[in-house]
Amino acid sequence: MFTRRTPTRKPKRPRRRFTHAAAMAAVAALAIGFVQPAVAHAASAPGVPGNVTATATSMSNIHITWSAVSGATSYVVSNGNISTGNLTKTSYDWGALAQGTYMCLTVTAKNSAGQSPWSPYACATTQVAPPANLKATASSTKIHISWSDTSGGAAQFVVSNGDASSPTIPAGTTSYDWTGLAVGTYMCFTVTAKQGNGQSPWIPYACATTTTGNTATDSLITSLQSAQPISLRFGMTDANGQSMDTAKIIQANGTYYAVYSPHSKSVILASAPTLYSTWTPLVTLDDNNASQPYLAQQGNGFVLADEYVNGGQSSVKFIHYASPAELEHGQSDNTYQTQLSLFGPLGVQCHEGTPDIHSTDPNNIQVGLHYDSTCDDLPGQANNQLDREAFGTLTNFSSWTTSADTARDAALTSAGFPGKHGGRDDISWMGARYSIGEAKNAVDNSDVFTSWRLTLYDYSNHTAYPVVLGIQSSCVANPKATRLTDNTDGTTVLVVTAFIFSESKPGCAAPGENGEVMYVIPAQ
């Protein structure tokens, strides 16, 4: 008899329940294969600082900078022997150095994991004490430059005129002669000190003009260059805040009058009790396209000449006033608009203007003016702005004749002014007759202002010289000059007005110097 055994069953595995999310995760795992679990990496040391630059900022300091390094928490600067502590900025001033010290510096970056290799060295030399008391004194063919040595005799020197430099001048020598100059040459100089590998900043310029051999000419040039005029006013405006561009100032019966042309292209008359008072506008004498005014007394009356645009071309306009009262109210009794009479090389009549009155003889009013010798505003003509000088005569306020002033043009070109020749005004100085004017030292487009300079023309020998006023700006034009009695003290003065082009034009105006300037010096 057999006994039936009941088979032993394997235990059932628990049934696995799959949610939708778990199913999707399983599919994703199968799709991308086995994924290693994330492993935390240890921090690494930062990289080497780059763009390391060293600059001497004074006689005792070298400023070092570098680029920030990713992951760096601090930096250390070293000169190879001495190191700084941990720095959190990307610059450092290494100070307390002697002048002329040459030093090289390197930088490393640090964090909790370590520090980078040291960067390549950057080197600089601290500055040297600059010279002081620079002076320039001229003779006929050379300018003597002198200065004070602030280094105690340890420094050498170099002189420069901005374009060329002298040889190195030995230590202990504090002067230099710049030779081989033509008479009437205006030149400015600066000096630097050198000691070891160090060099001082170039110091402010000192200027002089070589003498002409003529006492009156040399006196006038020196006086115009005076660094300490009686009065110097920049950016002249009237009581209404209008700019007094191209102002001409005269004195009549104890009253000062000024005519000027603001940007509105009109001629305004103003008066003032003294040269240094606020100018009070009185009346508009000419409007709508009138500029470059010039006022002169004629007996008890006055003559105004200006540049007036009519039909797209400018010519000279004359207006007569019979008395001060009529002038102050703008009540004229005679007007004459000239017709173009000077010809360019193509036989075409072009612009004429910028009048200055030489003589107010009622029968023959004589003026200086310029004319456009190239007609460069005509189609197909090059814009090279070769305006040239001329004479004009108004006879009996009814007829107008002109002639080119070739002698003045030749003198200006010979003096280094081949470009445009423009406005001018006569000066009486020590019994001699001169003319201060404007001209360009380059042939360029009319809207380029940086080439405008002041000139002095000697009528006795038809020679021109470059001149400057005792200001820092070099780009100056539209000069006028008048001998007057100063109401404040009764002395005779020369009042020069001129226009300094905007500071926005490179190379024109020094900081704080722009617009119309009035410059007053003692007259001789």
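1. Digging into the environment of Val76
Point 1. Of note, Val76 is situated in strand E3 (residues 74–78).
Point 2. Residue Val76 is classed as buried on the basis of its relative accessible area of 9%.
Point 3. Between the C-alpha atom of Val76 and that of Val107, which follows or precedes it by 31 residues, the distance is 5.7 Å.
Point 4. For Val76, the contacting residues outside a window of four places in its chain are Ser83, Thr84, Gly85, Asn86, Thr106, Val107, Thr108, Lys110 and Trp118.

2. Notes on the sheet that holds strand E8 (residues 132–138)
Point 1. The sheet built from 3 strands is open, its strands ordered E8-E9-E11 with antiparallel pairing. Looking at strand neighbours, the two that pair on one side only are E8 and strand E11 (175–178), the edges of this open sheet. Along the sheet, successive strands turn relative to each other by an average axial angle of 15 degrees, direction set aside.
Point 2. Sheet analysis places E8 next to strand E9 (residues 143–148), joined by 5 bridges and oriented antiparallel. What sits directly across from Ala132, in E9, is Ser148.

3. Examining the pattern of salt bridges
Point 1. As enumerated under the stated definition, the model contains 8 salt bridges in all.
Point 2. Asp425 is the partner of Lys248 in a salt bridge, and the nearest nitrogen-oxygen pair spans 2.8 Å. Of this pair, Lys248 sits in strand E16 (residues 248–252) while Asp425 sits in strand E28 (residues 421–429); the two residues are 177 residues apart in sequence, bridging distant segments of the chain. With respect to burial, Lys248 and Asp425 carry one shared label: buried.

4. Quick word on the confidence of the model for the protein chain
Point 1. Mean pLDDT for the protein chain: 88, with 87% of residues reaching 70 or above.
Point 2. In this model residues 1–36 is a low-confidence stretch, pLDDT under 50, and it forms 0 contacts with partners more than four residues away in sequence or in other chains.

5. Regarding helix H2 (residues 215–224)
Point 1. Among the 10 residues of H2, 8 are classified as buried, and the element is accordingly described as predominantly covered.
Point 2. Taken as a whole, H2 has its buried residues at Ala216, Thr217, Asp218, Ser219, Leu220, Ile221, Ser223 and Leu224.
Point 3. The N-terminus of H2 is capped by Asn214, whose side-chain oxygen sits 3.0 Å from the backbone nitrogen of Ala216.

6. Things to note about the nonpolar core
Point 1. Formed by 25 residues in total, the largest nonpolar core has its most connected members in Leu220, Leu224, Ile427, Leu494 and Val496.
Point 2. Breaking this core down by element, the ones donating at least two residues are H2, E28, strand E29 (432–440), strand E30 (452–458), strand E31 (463–467), strand E32 (476–485), strand E33 (492–500) and strand E34 (515–522).
Point 3. Apart from the residues lying within four places of it in its own chain, the contact partners of Ile427 are Leu220, Ala432, Arg433, Tyr434, Ser435, Ile436, Ala481 and Leu494.
Point 4. Judged by nonpolar contacts, the second largest core, of 19 residues, contains Ala136, Ile145, Trp147 and Ala208.

7. Some words on the sheet that holds strand E4 (residues 91–94)
Point 1. Spatial ordering of the open sheet is given by E1-E2-E4, a layout of 3 strands whose pairing is antiparallel. The open sheet has two edge strands, strand E1 (53–56) and E4, and neither has a second partner. Recorded for the sheet is a direction-independent mean angle of 20 degrees between the axes of neighbouring strands.
Point 2. Alignment of strand E2 (residues 62–65) against E4, held across 4 bridges, turns out to be antiparallel. Residue pairing for E4: Ile62 is matched across the bridge by Trp94.

What counts as what
Residues numbered from 1 in each chain as written. Predicted model: local features only at pLDDT ≥ 70, side-chain atom pairs only at ≥ 80, totals over all residues. Heavy atoms only, no water. Helix = DSSP H or I, 4+ residues; strand = E, 2+ residues; numbered from the N terminus. Buried < 20%, exposed > 50% of the residue type's maximum accessible area, 1.4 Å probe, protein only. Contact = heavy atoms within 4.5 Å. Pairing = 2+ DSSP bridges. Axes fitted to C-alpha atoms, helices over the stretch in contact; angles between N-to-C directions. Salt bridge = Lys/Arg side-chain N within 4 Å of Asp/Glu carboxyl O. pLDDT = per-residue confidence, 0-100. Polar contact = N/O pair within 3.5 Å; in protein donor to acceptor, adjacent residues only side chain to side chain. Core = buried A, V, L, I, M, F, W, Y, C linked by side-chain atoms within 4.5 Å.

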